[in-house]
Amino acid sequence: MIESDGTASLGEARIEAAYGSGDGDDTSSATVARPMEGKIFEQIYRPWNGPLGPRWVRNYAIYRHHVYGIVSGSGHRRYHPFVRLLLLVVILGSMTPILMLLLSTLVSDDATGFLNRMWGVNRYNLWGNVLGYFPRNLCMWPLLTALVVGGLISDDRRNGTSAIYFSRPVSRLDYAAMKWLSAASVLAIVILLTYMMYYSAAVVFKGEGWSYIADTLPIFIGGLLAGIFLVFTYTSIGIALSSISTSRFTASISFLGYILGSKLIAWLIEIQFNTTYVYMVSPYDCLAHVGQWLVGLPSNYDHPLALSVISLVAMNAASLAIFASRVASLEVTRE
Amino acid sequence: MTNPPAVTLDHVSKWYGQVIGINDVSIAIDGGVTGILGMNGAGKSTLFKLLMGRIRPSKGSVRLFGTNPWDSTAPYRRIGYVSESERMYDWMTSIDFVSTLARLHGMTRAEAEFRAEHALSFVDLGDVLNKEIGKYSKGMRQRVKIAAALVHDPDLLILDEPLHGCDPLARTSIMNVIREMGSRGKTVLLSSHILEEIERITEQIVILHAGRLVALGNLHAIRAMLDKHPHRILIHCEDARALASSFIDKQPVYGVRFLDNERLEIMTKDLSEAHSILPALILESGVPIHSIENPDDNLESLLGYLVGDSR
């Protein structure tokens, strides 16, 4: 029997069947809670007639979502704390020449002194700040790219979160361009900004004048161009690998494998057969070759510069074509 | 010049190789709530994918506010879409998530936060908007999606199975939201394979079956039409034979069947008339009744009548 007197709560109900100490002949009883009266919740909708921003406002929202995530986890793309820590280490690592410049200034090392030769502004150091192999292109830049770009598209592919964008007035071109730009920006901040800081610090610490700037600016701009090519190429290859994968780990490892593996194979072939042509398959070596020409350094490679340029263009074109093709098919067959 | 309808499909067909997703469907929908009914594989998802520009029609044309969604994302400024399968950023709080999506529509940060808070309160999540989405229940997640779809005050709301997996409280909340939007003159399209769900929200329905449009219009009108077809009423009582004798000579009843001693099935060709005489006859017979059911009152039966044996 169920009775409802409207006063007792469920906690007072006797449940003889389960816990009763009687012999079972008693009349079973239970008490149900009195139903609540009134509305469960109130729903009031207020229309909104405000203007919606143009395309660039929407695109900026995508861009900032990805870039701001590095410094603020709230409301933006989530970057793992390890990635953030590594970014900090890479930024600090790429700023060590500035510290050494300061040191050479403090110990009054002259222009031909050891510290100045090692850390001061010259063609080799400007090139090395962007394209030096160890530690920058062996450890820092590839790892930075792999960690930043690895999950950029693959996470969306795995989770289906790209539909969030395509259900809104965001075209696939906007989506792809902003993803690419946000990754390139992070790389540019680390690689190019620290490069520019290094050059500016040299001018400021040494108290150099306009004539010094006029002398070194072309070399600096050459190095800057080489850095821009590096950021462009690494971002394109990384994002292409991310777009064909559903795992950020696979995308990152593939990127590292390609950058470091192609260099290793080319090096083994060079020492075995004494030819540098195979370096054409290595993105780093193509960039280094072009970079040497841009800053006016003697080339380390036997093959013509044009082949490295063609290879670089082909790598970027192929990467962007893969990326565009994968983004075009995103969410088309899902659901 | 008059405004084009929110949704226009003109002889639209979509096939995937040998499989037909949508077959020659033509509809125009503008204003109010419209339920898209169909069993699994009927073409509801294909229809929504066509509307959302995810796939291109093999034949015919799709227009949202007069614009082809495959060619332009412009109509999406006026559309809110809730996908059944769409994932969210689980690490974000609902306020962050909804305001992030509001910014994808071009709102400023202040506008986005203000509207996100309002939209979340409207779907009854105002007290948990600073909680991470990953910690939400299925019904709460569904309401976050609806809030994200409403945040920019769209003119057209497309909801793919919005009540799927929700508890009764969440269902009531979502149904209230849908009815409210419809009453404000917005166009709301929602899909479901459960007739009762749609019936509680709207009278305007579109029924799809095997990619074809089999019925379109007012649910009551379709029901009235179907009422003239054979129907069954299942009565669970204490003495089926005693109750049957009260029905057998009455006009709308053309047959009775005993499933067992306590279950009686009545066959009628006029369901409304049968239900109108039912209470008086039961009282007259004095047989205690446990339940009365209409086994044919579901989408499957409705489709059975609409498409006949071709199913």
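Above: the structure in question.
Along each chain, numbering runs from 1 in the same order as the chain's sequence is written. Note on labels: chains are lettered from A, ligands numbered from 1, in written order. Confidence filtering applies because this is a predicted model: local features only for residues at pLDDT of at least 70, side-chain atom pairs given and counted only at 80 or more, and all residues used for totals across whole chains, interfaces and linings. Hydrogens and water are ignored here; the side-chain numbers use all heavy atoms of the structure.

Novice: Describe the sheet that holds strand β5 (residues 79-82) of chain B, with residues and values.
Specialist: Residues and elements named next belong to chain B. Ordered by their spatial adjacency, six strands build an open sheet running β5-β6-β7-β3-β8-β9, and the pairing between neighbours is mixed. Two strands bound the open sheet, and with one partner strand each, they are β5 and β9 (212-218). Each neighbouring strand pair of the sheet contributes to a mean axis angle of 15°, computed without reference to strand direction. Note: β5 against strand β6 (residues 156-159), four bridges, orientation parallel. Pairing of V82 across the sheet is with L159, part of β6. The criterion for strand pairing is that DSSP finds at least two bridges linking the strands in question. Under the DSSP-based scheme used, a helix requires at least four consecutive residues in state H or I and a strand at least two consecutive residues in state E, with every element numbered from the N terminus. Fitted lines through C-alpha atoms give the axes, limited to the stretch in contact for helices. The angle between two N-to-C directions lies from 0 to 180 degrees.

Novice: Provide a residue-level description of the interface of chain B and chain A, including the pertinent values.
Specialist: Contact between two residues is taken to exist if any of their heavy atoms lie within 4.5 Å; hydrogens are not considered. On the side of chain A, 42 residues touch chain B, which itself brings 46 residues to the contact. With both chains or domains summed, chain B and chain A bury close to 4,300 Å², and 54% of this area falls on carbon and sulfur atoms. Definition used for salt bridges: Asp or Glu carboxyl oxygen within 4 Å of a side-chain nitrogen of Lys or Arg. Summed over the shared surface of chain B and chain A, the result is zero salt bridges. For this analysis, a polar contact is any N or O atom pair within 3.5 Å, provided that within protein one partner can donate a hydrogen and the other can accept it, and provided that sequence-adjacent residues contribute only side-chain to side-chain pairs. At the junction of chain B with chain A, the criterion picks out eleven residue pairs in polar contact (both at pLDDT 80 or more). At the level of secondary structure, the elements contributing two or more residues to the side of chain B that touches chain A comprise α2 (94-104), α3 (109-122), α4 (138-150) and α5 (168-183) of chain B. Accessible-area loss on putting two parts together, using a 1.4 Å probe and summing over both, is the definition of buried area adopted here.

Novice: Run through the sheet that holds strand β4 (residues 59-64) of chain B, naming residues and quoting values.
Specialist: Residues and elements named next belong to chain B. The three strands lie next to each other as β2-β1-β4, forming an open sheet whose pairing is antiparallel. Since the sheet does not close on itself, it has two edges, and those belong to β2 (19-29) and β4, each with one partner. Averaged over all adjacent pairs, the angle separating strand axes in this sheet is 25°, with direction ignored. The pairing of strand β1 (residues 7-16) with β2 spans seven bridges and is classified as antiparallel. Within β2, the residue paired with L9 across the bridge is I27.

Novice: I'd like a rundown of a nonpolar patch on the surface, residues and numbers included.
Specialist: Residue and element names in this part refer to chain A. What goes into a patch is any residue over 30% in relative accessible area without a salt bridge, connected to like charges within 9 Å or, for nonpolar side chains (Val, Leu, Ile, Met, Phe, Trp, Tyr), within 5 Å. Accessible areas in this description were obtained via Shrake-Rupley with a 1.4 Å probe; residue shielding takes into account the shown protein chains only. A surface patch of nonpolar side chains, about 470 Å² in accessible area, is lined by L99, L102, L103, L106 and V107. Within the secondary structure, L99 sits in helix α4 (residues 96-106). Per-residue accessibility, obtained with a 1.4 Å probe over protein chains only, is compared with the maximum for each type, and a residue is labelled buried under 20%, exposed over 50%, and partly exposed between these values. Exposure remark for L99: the relative accessible area of 57% places this residue in the exposed category.

Novice: Break down the pattern of salt bridges for me, citing the residues and quoting the values.
Specialist: Residues and elements named next belong to chain B. Overall, the coordinates contain 16 salt bridges over all chains when judged by the stated rule. Two residues, D124 and R143, come together in a salt bridge whose shortest N-O distance is 3.7 Å. Placement of D124 in the loop between α3 and α4 and of R143 in helix α4 is noted, with a sequence separation of 19 residues between them. The exposure class of D124 is partly exposed, given its relative accessible area of 25%.

Novice: Now, about helix α6 (residues 123-131) of chain A: what can you tell me, with residues and values included?
Specialist: Residue and element names in this part refer to chain A. By the criterion of burial, α6 is predominantly enclosed, with seven of the nine residues buried. Inspection of α6 places N125, L126, W127, G128, N129, V130 and L131 among the buried residues, and these make up the whole buried set. You can read the cap of α6 off the contacts: a side-chain oxygen lies 3.1 Å from the backbone nitrogen of Y124, and it is on N122.

Novice: Report on the pairing of β6 of chain B, specifying residues and quantitative values.
Specialist: Residue and element names in this part refer to chain B. A two-sided burial pattern is seen for β6, the buried positions comprising L156 and I158 on one face and L157 and L159 on the other. Direction of pairing for β6 relative to strand β7 (residues 187-192): parallel, over a ladder of four bridges. Directly across from L159, in β7, lies its bridge partner L190. Every crossover in which the path from the first strand over the helix to the second runs clockwise, viewed with the strands pointing away from the viewer, is termed right-handed. For the crossover from β6 across α5 to β7, the handedness is right-handed.

Keep in mind these numbers describe shape, not what the thing actually does.
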